Every structure is written in C-alpha cells, then in structure tokens.
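For reference, the chains in residue letters:
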Amino acid sequence: MKRSKKEKEKECPKPPPTLVGIILLIQKLGRIQRTRPIKKTINIDLRSLSINDEGAISLIKLMDEQEISCDLLDLSMCGLTNKSAVKIAQWLAHDTQCKTLRLQGNHISDRGGCALAKALQTNCTLTSLRVENNRFHENAGTAFAQALRINTTAFRELHLLANPMGSNGLSQIFLSLGSNRPRVMSIHLRRCDLDCTGVVVLADALRTNETITSVDLRANLISDVGASALASALKTSNRTLRILDLRDNLISQAMYDLSDMIFHNRSVRLLQIEGNPFAGDWDHLRHRISKQMDFNEIGYWKIVEQELKEEREKLAAEEEKRLAAEIEKELLSGGGGGGGGGGGGNK
C-alpha cells in the first residue's frame, strides 16, 4: 500500500535547521518573490548553533537584500556579541513583521543592549523580546527604561534575568513601570544583583501600577528593608499583583511583614519565600502563608462570582427599565390617539 507524504514525514522527521539551510531557503524565497510579488514570512530558529557574529550578520544582510521577513528570529545561545547585536538592532529599527526576537544566553553587553533598546523606540511590531543571561549593566537598564516610556506596546513580559544590571540600572525601569503606560504584565529579574535600593523604587511603582500580575525577584540581594517596602505597598495599595517570588534572598525579620501582607491583600495567590535566612519557625510560617493563599484563591473566585452576579443583576434591571419605558411610551401614544377621536365625535 502506497503511503502518503504526511505519513512519510512522520516516519522521517526533518533534520534540525542549519545556517546554510536557512540561507538557501531565503535565497529561494527571494527568487520566487522577484517573479511573483507575494510576501512570505518565515520562522528562523537557530538556537544553540554556534553561528557567532559572522553568521548572524550574514543572515541579517541576506534578509535585507532578498526582502524576506520573519515572524520569529531565535538566535539564543549562538555566541553573539555586541558586533552582531548592533546589526540586529539596525534591522529591527525598520522591520515591520518580526513579533518575537530571542537573544538569550549570548555575550551581549551594554553597547548591544543600548542599540536594541533604541531600536525598540521606533519598532511597533515586536511584542516579545528575550535577552536574559547576557551581560547588560546600568547603561542598558537606562536605555530599556527609555524604550518603555516611548514604546508602550513592545513588551508584555520583561525578561532581563541573569543580567548584572543592579539597582542603578533597574531603578529607571521601575520608574517607567509606575506610570502604567507600558502594558507590562510580568517582570523576570532573577539574579540581577538587585538590592534594597532598587526594590524600594519598585515598591513605590507597584503602588500605582495596575498591569503587573507577576514579579520574579529570586536570587538577588534583597534584605529586610526591601521586603518590608514590598509588603507595605502590597498591603495598602496594590490589588493587581498575583505572584511574587522572593526565594533565595537575604530576608529575615521582614517575613512577618510579608505574612501580614498576604492576610490583608486577598489578590496575592502565590508568595514564594524559601531559601531566605529566616530565624523563626519556618514550618509555622509556611503553613500560615500556605493556608492564607488557599483562602485567597477561594476568596478570589468568590469575588469574581459576586461581581458577575452583580453585573447580571445590573443588566437585568436595565433591560426591565428599558421595557417599562417602551410600554409606557406605547400607552401614552395609544391614549393620545383615542382622545383625539372622541373630540371629533362630539363636534
């Protein structure tokens, strides 16, 4: 029995992509587009291939020459440095198609980070940028903060983890988040050398922010001052955040503030605190917080259920009011016509 093409493809999966294969594909598509003006986009996934700067630059140059666009460009763990990052940024500044750019796990430092951030000031298409585990410092942080203030659509998730930006670099980003103009929903800042100075700025931003639902601050340098500032902001002001990860920091006595916060803020449904030098009764603290998080989860859905019920009742009342107004209008219209006919008969 003759097998179909799809069955053969299942039995013989395609080999992983290579730089040569992607270049040949781009050249082929370029020739097709010159004879048939049909724009075709591709996904380019070269992650974990050691193409280095020369390969990445050749790829970007060829895409420009052949006028080929991509929806996804994944060059993570490819051995890239500032040299290719600058070329990618120049391409990104005028690109109108790419939605996802992944550059994590390379050797890009402030020069490349600043170039990418500047490109994002004019690029309105990209919605996902992954640049974690590079070598960004303070200057890159300031550049990304400026990009966040200008381009409010570029990020839904901010992935900067494992970049040693420190509090000086991240504080400018936190100030941008306080305005609610960037529509960032989650921030990932694990292992960024963030200490209490920057966390206090983040806490102030969270008092007014209404978009961020998840914050990952694991494995930083946060001690009691920063943890208490976060607890205070979440206890009194913020009702948007759902997940807060503070594992593997330097928090001790402020654990009591965090525990008290979660009893007052029913919106927080996951608080992770393991790996901190808390000297009290860990089992009791974990049990207390876990029990309250379970209650918050149940309470949250009760609140949602109540809000939906109130919305249904409100809509029903508006509909009843509308129907009553229509009936009243019909009665008034009918009554006026009857009175006019009676007057004509008397005359």
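Residues numbered from 1 in each chain as written. Predicted model: local features only at pLDDT ≥ 70, side-chain atom pairs only at ≥ 80, totals over all residues. Heavy atoms only, no water.

Draft legend 1. Seen up close, the packing of helix 5 (residues 110–120) against helix 6 (residues 138–150). The interhelical angle for the contact between helix 5 and helix 6, taken along N-to-C directions, is 5°, at an axis separation of 8 Å. By the angle between their axes, helix 5 is roughly parallel relative to helix 6. Side by side, helix 5 and helix 6 meet where D110, G113, C114, A117 and L120 of the first sit next to E138, N139, A140, A143, F144 and A147 of the second. Across the contact of helix 5 with helix 6, the residue classes break down as seven nonpolar, two polar and two charged. (Axes fitted to C-alpha atoms, helices over the stretch in contact; angles between N-to-C directions. Helix = DSSP H or I, 4+ residues; strand = E, 2+ residues; numbered from the N terminus. Parallel < 35°, antiparallel > 145°, perpendicular 65-115°, else oblique. Contact = heavy atoms within 4.5 Å. Nonpolar A, V, L, I, M, F, W, Y, C, P; charged D, E, K, R; others polar.)

Draft legend 2. Structural detail: the packing of aromatic side chains. Taken as a whole and judged by the stated rule, the model has three aromatic pairs. Arranged with centres 5.8 Å apart and planes meeting at 35°, the rings of F136 and F144 form a pair that is tilted. Geometrically, the ring pair formed by Y256 and F278 is edge-to-face, given 5.4 Å between the ring centres and 75° between the ring planes. Residue Y256 is located in helix 10 (residues 255–264), and its partner F278 is located in the loop between strand 9 (270–272) and helix 11 (282–346); the two are separated by 22 residues in the primary sequence. We classify Y256 as partly exposed; its relative accessible area is 45%. Taken together, Y256, F278 and W282 form an aromatic cluster joined through their ring pairs. (Phe/Tyr/Trp six-rings, centres within 6.5 Å; stacked < 30°, edge-to-face > 60°. Buried < 20%, exposed > 50% of the residue type's maximum accessible area, 1.4 Å probe, protein only.)

Draft legend 3. Just the environment of T35, in detail. Mapped onto the secondary structure, T35 falls in helix 2 (residues 19–35). By relative accessible area, T35 is classed as exposed at 63%. A polar atom in the side chain of T35 sits 2.8 Å from the backbone oxygen of I32. (Polar contact = N/O pair within 3.5 Å; in protein donor to acceptor, adjacent residues only side chain to side chain.)

Draft legend 4. Spatial organisation of the pairing of strand 2 (residues 69–74). Pairing geometry for strand 1 (residues 41–45) and strand 2, over five bridges, is parallel. Bridging from a neighbouring strand, I44 pairs with L73 of strand 2. In terms of handedness, the path from strand 1 via helix 3 (residues 52–66) over to strand 2 forms a crossover that is right-handed. Strand direction decides the pairing type here: strand 2 and strand 3 (residues 100–102), joined by three bridges, are parallel. Considered in strand 3, the bridge of L73 is made with L101. Crossover strand 2 to strand 3 through helix 4 (residues 82–94) is right-handed. (Pairing = 2+ DSSP bridges. Right-handed = clockwise from strand over helix to strand, strands pointing away.)

Draft legend 5. View of unusual backbone geometry. Even without a glycine there, the phi angle at M77 is positive, about 55°. Tracing the backbone through its elements, the reader meets M77 in the loop between strand 2 and helix 4. Among the residues examined, M77 registers a relative accessible area of 45% and is labelled partly exposed. The backbone of N133 sits at a positive phi, close to 60°, despite the residue not being glycine. Tracing the backbone shows N133 in the loop between strand 4 (128–130) and helix 6. Overall, the relative accessible area of 43% leaves N133 in the partly exposed class.

Draft legend 6. Molecular detail of the environment of G166. Turning to its location among the elements, G166 is positioned in helix 7 (residues 166–177). In the structure, G166 is positioned 29 residues away from H137 in sequence and 7.1 Å away in space, judged by C-alpha atoms. Filtering out sequence-adjacent residues up to four positions away, G166 remains in contact with C192 and D193.

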